[in-house]
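# Examining the three-dimensional arrangement
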Amino acid sequence: MAMETSAKVFVAGHKGMVGSAIVRQLKKLGYTNIVCAGRDEVDFLNQNAVNEYFGAHSFDQVYLAAAKVGGIHANNVMPADFIYQNLMIEANIIQAAHLSGVQKLLFLGSSCIYPRDAEQPMKEDALLTGVLEPTNEPYAIAKIAGIKLCESYNRQFGRDYRSVMPTNLYGPNDNFHPENSHVIPALLRRFHEAVSENVAEVVIWGSGKPMREFLHVDDMAAASVHVMELPSDVYATHTQPMLSHINVGTGEDCTIRELAETVAQVTGFRGNLVFDSTKPDGTPRKLMDVSRLQRLGWKSSISLEAGLADAYRWFVEHRLEARS
């Protein structure tokens, strides 16, 4: 697979966990013309501002990693924010990319696009076949719209806009907010503080029975660049015009209890684990079928224990800024 390392590449959302990992991966592979923009340079919620920014540049590729993200609690209390902001961000960027002549774009979605009771492991063709998980339905609807935006621009204008749907991600630059974070950063922070304060037990939301799949963000970045750089005929052979997204994951899952036990080992916590079954569990199981991506030549390489250790090292080194 020939890398287009001289291409002018725009990474939207470069300060986030996924966007920053994509920037690291591109640099690692030798890309020399990577462009990023903070909120002070362009507001992705402002259509005119996005159009003007894209019009002032001549991007060859766009990685659409910008999004409003959060865990179960955040999705429950801010559903309007999640659906509105994510719809606006993706619509503005994809439209601006098209208007400015960008031919190649990669949209990053989420495994929550699949129905709550989808057959496991979840194949790409499970999309739009059932009811979504209520706790993150607004976010999921926005991500589904992103896939369909890409497919629609491809069908109507001949663009090459692709979509990848990652499983649960974690790693450096994750959000460690005590209320609005996902399960891994929340657990890493909680266990770290328990060790620091010599607390005897850690309370974990839910029963501990739901099963989840986790992917280190550096693996996600590697998969994203791999998919972006696939020859058009190869990508078309393994997808369909109206079913073009590709799952990205490890193909393996574990229970939340098993995850918590591994986090305890990584952080050095030796106390008791208490599971609060009065809190929501969310979807019973979320495991991705990654056979399509494997047929396209990519497979994850970072184990969960190694990935958690890496994420924990980052948190310890950046814990003051991660306390926000």
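Now for a description of the structure that goes with this document. Everything quoted here is computed from the prediction, not taken from an experiment.

The rules we used
- Residues numbered from 1 in each chain as written.
- Predicted model: local features only at pLDDT ≥ 70, side-chain atom pairs only at ≥ 80, totals over all residues.
- Heavy atoms only, no water.
- Helix = DSSP H or I, 4+ residues; strand = E, 2+ residues; numbered from the N terminus.
- Buried < 20%, exposed > 50% of the residue type's maximum accessible area, 1.4 Å probe, protein only.
- Contact = heavy atoms within 4.5 Å.
- 1 Å grid on protein atoms, 1.4 Å probe; cavity = no way out; pocket = protein on both sides within 12 Å on 5 of 7 lines; lining within 4 Å.
- Points joined across faces, edges and corners; volume = space filled by probe spheres on them.
- Nonpolar A, V, L, I, M, F, W, Y, C, P; charged D, E, K, R; others polar.
- Axes fitted to C-alpha atoms, helices over the stretch in contact; angles between N-to-C directions.
- Parallel < 35°, antiparallel > 145°, perpendicular 65-115°, else oblique.
- Left-handed = near helix turned anticlockwise from the far one by under 90°.
- Pairing = 2+ DSSP bridges.
- Right-handed = clockwise from strand over helix to strand, strands pointing away.
- Phe/Tyr/Trp six-rings, centres within 6.5 Å; stacked < 30°, edge-to-face > 60°.
- Lys NZ or Arg CZ within 6 Å of the ring centre and 35° of its normal.
- Salt bridge = Lys/Arg side-chain N within 4 Å of Asp/Glu carboxyl O.
- Core = buried A, V, L, I, M, F, W, Y, C linked by side-chain atoms within 4.5 Å.

The next subject is the overall build of the chain. Looking only at helices and strands, one finds 11 helices and 13 strands in the chain. Summarising its shape, the C-alpha atoms of the chain cover approximately 60 × 40 × 40 Å along the three principal directions. Counting all 324 residues of the chain, 51% fall into the buried class. Residue pairs in contact within the chain that sit at least 24 positions apart in sequence constitute 82% of those at least 6 positions apart.

For the structure shown, the criterion picks out 1 cavity of 30 Å³ or more. S111, C112, Y114, P115, R116, Q120, M122, E133, N136, T283, R285 and K286 together form the lining of the largest cavity. Split into classes, the residues belonging to the lining of the largest cavity amount to 4 nonpolar, 4 polar and 4 charged.

Before going further, it helps to examine the packing of helix 6 (residues 183–196) against helix 11 (residues 304–317). It is at 11 Å that the axes of helix 6 and helix 11 come closest, and there the two elements cross at 60°. Classified by the angle their axes make, helix 6 and helix 11 are oblique. Here the hand of the crossing between helix 6 and helix 11 comes out right-handed. On helix 11, the residues that touch I184, L188, R189 and H192 of helix 6 are L308, A311, Y312, F315 and V316.

It is worth spelling out the pairing of strand 5 (residues 160–166) at this point. Looking along a regular strand, one sees side chains alternate from face to face of the sheet. For strand 5, the tally of buried residues reaches 7 of 7 residues, placing the bulk of the element in the interior. With burial as the criterion, each face of strand 5 is covered, one bearing D160, R162, V164 and P166 and the other bearing Y161, S163 and M165. Note that strand 4 (residues 104–108) and strand 5 share 5 bridges and pair parallel. Paired with L106 across the strands is R162, a residue of strand 5. In terms of handedness, the path from strand 4 via helix 5 (residues 137–157) over to strand 5 forms a crossover that is right-handed. Here strand 5 runs beside strand 10 (residues 246–248); their pairing, made up of 3 bridges, is parallel.

Attention now goes to the packing of aromatic side chains. Using the criterion set out here, one finds 13 aromatic pairs in the structure. For the ring pair F191 and F269, a centre distance of 5.2 Å and an interplane angle of 70° mean the geometry is edge-to-face. Here the residue F191 occupies a position in helix 6, and F269 occupies one in the loop between helix 9 (256–267) and strand 12 (272–276), the gap between them amounting to 78 residues. When the ring centre of F82 is taken as origin, the NZ or CZ atom of K68, which lies over that ring, is 5.2 Å away.

With that settled, the discussion passes to the pairing of strand 7 (residues 201–205). Only one face of strand 7 is buried, namely the one carrying V202 and I204, since none of E201, V203 and W205 on the opposite face is buried. One ladder, built from 5 bridges, connects strand 7 with strand 12; its direction is parallel. Counterpart to E201 in the pairing with strand 12 is N272.

What follows is about the pattern of salt bridges. What the rule picks out here adds up to 11 salt bridges. With its nearest N and O atoms 2.9 Å apart, the salt bridge here joins E151 to K148. Separated by 3 residues within a single helix, E151 and K148 lie in helix 5, roughly one turn from each other. Using a relative accessible area of 2% as the deciding quantity, one classes E151 as buried.

Right, let's talk about the sheet that holds strand 11 (residues 254–255) for a bit. Judged by pairing direction, the sheet is mixed, and its 3 strands sit side by side in the order 11-8-13 without closing on themselves. Two strands lie at the open edges of the sheet, namely strand 11 and strand 13 (285–286), each paired on one side alone. Looking at chain direction, strand 8 (residues 211–212) and strand 13 are connected through 2 bridges and run parallel. When the sheet's bridge partners are listed, R212 is paired in strand 13 with K286.

Within a beta sheet, neighbouring strands are joined by backbone hydrogen bonds and run either parallel or antiparallel to one another. A sheet is described by the order of its strands in space; here 6 strands give the open sequence 2-1-3-4-5-10, paired in parallel fashion. Taken across any chain shown, the strands that pair with only one partner, and hence form the sheet edges, are strand 2 (34–35) and strand 10. Of the pairings in the sheet, the one linking strand 1 (residues 9–12) to strand 3 (residues 61–64) comprises 4 bridges and is parallel in character. Residue V9 lies in a different strand from strand 3, and its bridge partner there is Q61. Where helix 1 (residues 17–28) meets the sheet, its contacts fall on strand 1, strand 2, strand 3 and strand 4, and the angle it forms with strand 1 comes to roughly 155°. Contacts between helix 7 (residues 217–228) and the sheet are confined to strand 3, strand 4, strand 5 and strand 10, with strand 4 contributing the most and set at about 145° to the helix.

Another aspect to go through is the nonpolar core. In terms of nonpolar packing, the biggest core is built from 41 residues, with F10, F44, F54 and I93 touching the most fellow members. Secondary structure elements with two or more residues in this core: strand 1, helix 2 (47–55), strand 3, helix 4 (79–99), strand 4, helix 5 and strand 5. Apart from residues no more than four positions distant in its own chain, F44 is found in contact with F10, A12, G13, V50, A66, M88, I89, N92 and I93. Counting 32 residues, the second-largest nonpolar core is a separate cluster that includes V217, M220, V248 and W298.

Limitation: the analysis is restricted to geometry and does not speak to function.
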